[in-house]
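What follows is each chain in one-letter form.
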Amino acid sequence: MKGKQPSFADWIISQNISEDDPLQKIFSSVDFSFIRTLVPEASLGREGFDPVSLFKALLLIPLGEARSQRELARKLRFDGRLSYLCGFSYGQTPSHNTFTVFKKRVGENRFREILENLISQALWGRNKKGTSLAMDSTAVKAYSQEKFPSDADARWGAKEEGKYFFGYKLHASVIPSNLPLPASVEVSSGEAFDGKFFKPLLKNALKKVRVKKAIADAGYDTGANISFSEENKIEPFIASNPRNSKHSTLLSQLTVTAEGEVFCPAGRKLLYWGKEKRRERIKFRCPLIKEGGECLFKTSCWKGRYGRSFYLSNFHSLSEKMKIFRTTRKFKRIYKKRQAIERFFSLLKENFSLERKMKVRGTARVRTYIYIVVSAYVVSLLARGFG
């Protein structure tokens, strides 16, 4: 109803909407005005619909108010509350075809820009000292039969060994919390390798928030991803891929096992003693400092009461340093936060119908749909006081 005089019917409807109305809280918590800049054509259809109103209406599907665009159009026509909260005048609402034209006209890239803006609103002023990011992907099954595929862009993929799906993948990074806050998203076909999305997700997130820790499963365990993290002064908490660490490695006087344990020349397991950030190295100490006892090499190895120290610095392989890092209590404590990304995907599928209501085919349409679903999740967080 932007720029139009509300009708008497609209006024009556507004008087019957409670301040505690969930949808009222969601829409009043978010600044949608930027959409008019991204979509300069201010009208669609004969009635000149506001793009902000059309976008709000599309959010009603993942928010649970409608199951399809056809049902959405019908509800807007007869439900005064929904039409008013979206910004339409009662009796002057769009048909289901108008939403199809709107999505095509705006395009997947602009819908992504809208999502990025909403995420920025949610992240505004948060975690200035730095935050952790958990990342992973989830399968999004195509709107197609598996035996006779009708989606030419969908592909076969696997998220677990022996479990295959036909469709797409949603890749995301989130800030861990009870209600995880997304920082970046990517959409690919089902066969895409998760590891190659580590950099794009992290780069996108770094535009909005300072990242100190990146948490990911073994699918992201590549030298390139670990190097990228170190270059950006981000600690990588990436699980070990068994294919990358099958054998022990000799590093000068030290032996690093495939499990990440470090042994001195005498065959004793060394104690991890933390990182020396200024010198960019990892420190270990002789176990006798805690355990006591004797060693044949003690007289030649020890100097004073402090005991022998050993170091792994930047000239040692990053993969060997990661092996060792994964054995520390800090790694195990932080890595538990990776559960947040699983919780995020679960919320999208169970509460926002990520798969259940997807009735579109083709990469562009699927991306648009997923961006709208994640947008609905983000605006619901904003209504709860995030950002």
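Preceding this paragraph is the structure being described.
Remember, predicted model here, so these are calculated numbers, not experimental data. (Residues numbered from 1 in each chain as written. Predicted model: local features only at pLDDT ≥ 70, side-chain atom pairs only at ≥ 80, totals over all residues. Heavy atoms only, no water.)

> Can you walk me through the pattern of salt bridges in this structure?
It is possible for side chains bearing opposite charge to pair when their charged atoms get close. Here the structure, examined in full by the defined rule, presents 15 salt bridges. Salt-bridge contacts for Lys208 lead to Glu116; the nearest nitrogen and oxygen are separated by 2.7 Å. Highlighted residues: Lys208 in the loop between α8 (198–206) and β5 (211–216) and Glu116 in helix α7 (residues 96–123), separated in sequence by 92 residues. Accessibility expressed as a relative area gives 14% for Glu116, which makes it buried. Here Lys169 ties to Asp194 by a salt bridge, and the two come within 3.0 Å at their closest N and O atoms. One end of the pair, Lys169, is in strand β3 (residues 163–175); the other, Asp194, is in the loop between β4 (181–189) and α8, with 25 residues separating them in the sequence. Each member of the pair, Lys169 as well as Asp194, is classed as buried. A network of salt bridges, in which partner residues are shared, links Arg112, Glu116, Glu186 and Lys208. (Salt bridge = Lys/Arg side-chain N within 4 Å of Asp/Glu carboxyl O. Helix = DSSP H or I, 4+ residues; strand = E, 2+ residues; numbered from the N terminus. Buried < 20%, exposed > 50% of the residue type's maximum accessible area, 1.4 Å probe, protein only.)

> Sorry if this is basic, but what is going on with α7 here?
Residues spaced three or four apart along an α-helix point in a common direction, a consequence of the helix completing one turn every 3.6 residues. Given a rise of 1.5 Å per residue, 28 residues ought to cover 40 Å, yet the end C-alpha atoms of α7 are separated by just 33 Å, more than 12% below that figure. Gly107 marks the point of greatest bend in α7, at about 85°. (Expected span 1.5 Å × (residues − 1). Bend = angle between axes of the 7 residues up to and from the residue.)

> Would you mind showing me how to read the environment of Phe284 here?
Within the secondary structure layout, Phe284 lies in strand β11 (residues 281–285). A relative accessible area of 2% places Phe284 in the buried class. Sequence separation of Phe284 and Tyr311 is 27 residues, and the distance between their C-alpha atoms is 6.2 Å.

> Where do I start with the state of the cysteines in this structure?
Here a disulfide denotes one covalent bond, and it connects the sulfur atoms of two cysteines. Scanning the model with the defined rule gives 0 disulfides in all. Cys264 supplies the cysteine sulfur nearest to Cys286, a cysteine that is in no disulfide, at a spacing of 6.3 Å. By relative accessible area, which is 9% here, Cys286 ends up buried. (Disulfide = S-S within 2.5 Å.)

> Is there a simple way to think about the packing of helix α4 (residues 51–59) against helix α15 (residues 363–383) in this case?
Any two packed helices are characterised by the angle at which their axes cross and by the distance between the axes. Close contact between α4 and α15 brings their axes to 9 Å; oriented N to C, the two are set at 90°. Judged by the inter-axis angle, α4 sits roughly perpendicular to α15. Between α4 and α15, the contacting residues are Phe55, Leu58 and Leu59 on the first element and Ile372, Ser375, Ala376 and Val379 on the second. Looking at side-chain class alone, the contact of α4 with α15 contains 6 nonpolar, 1 polar and no charged residues. (Axes fitted to C-alpha atoms, helices over the stretch in contact; angles between N-to-C directions. Parallel < 35°, antiparallel > 145°, perpendicular 65-115°, else oblique. Contact = heavy atoms within 4.5 Å. Nonpolar A, V, L, I, M, F, W, Y, C, P; charged D, E, K, R; others polar.)

> Whenever I open this one, α8 confuses me. Can you help?
Taken together, the buried positions of α8 are Phe198, Leu201, Leu202, Asn204 and Ala205. Each buried residue of α8 lies within a common arc of 165° when the element is viewed along its axis, so the set occupies one face. (Arc of directions from axis to C-beta.)

> Which parts of the structure should I look at to understand unusual backbone geometry?
Glycine aside, negative phi is the norm for most residues, and most peptide bonds take the trans geometry. Notably, Lys233 is not glycine yet its phi reads approximately 55°, a positive angle. Along the chain, Lys233 turns up in the loop between α9 (223–231) and β6 (235–238). Unusually for a residue other than glycine, Ser353 sits at a positive phi of about 55°. Its location among the elements puts Ser353 in the loop between α14 (339–351) and α15.

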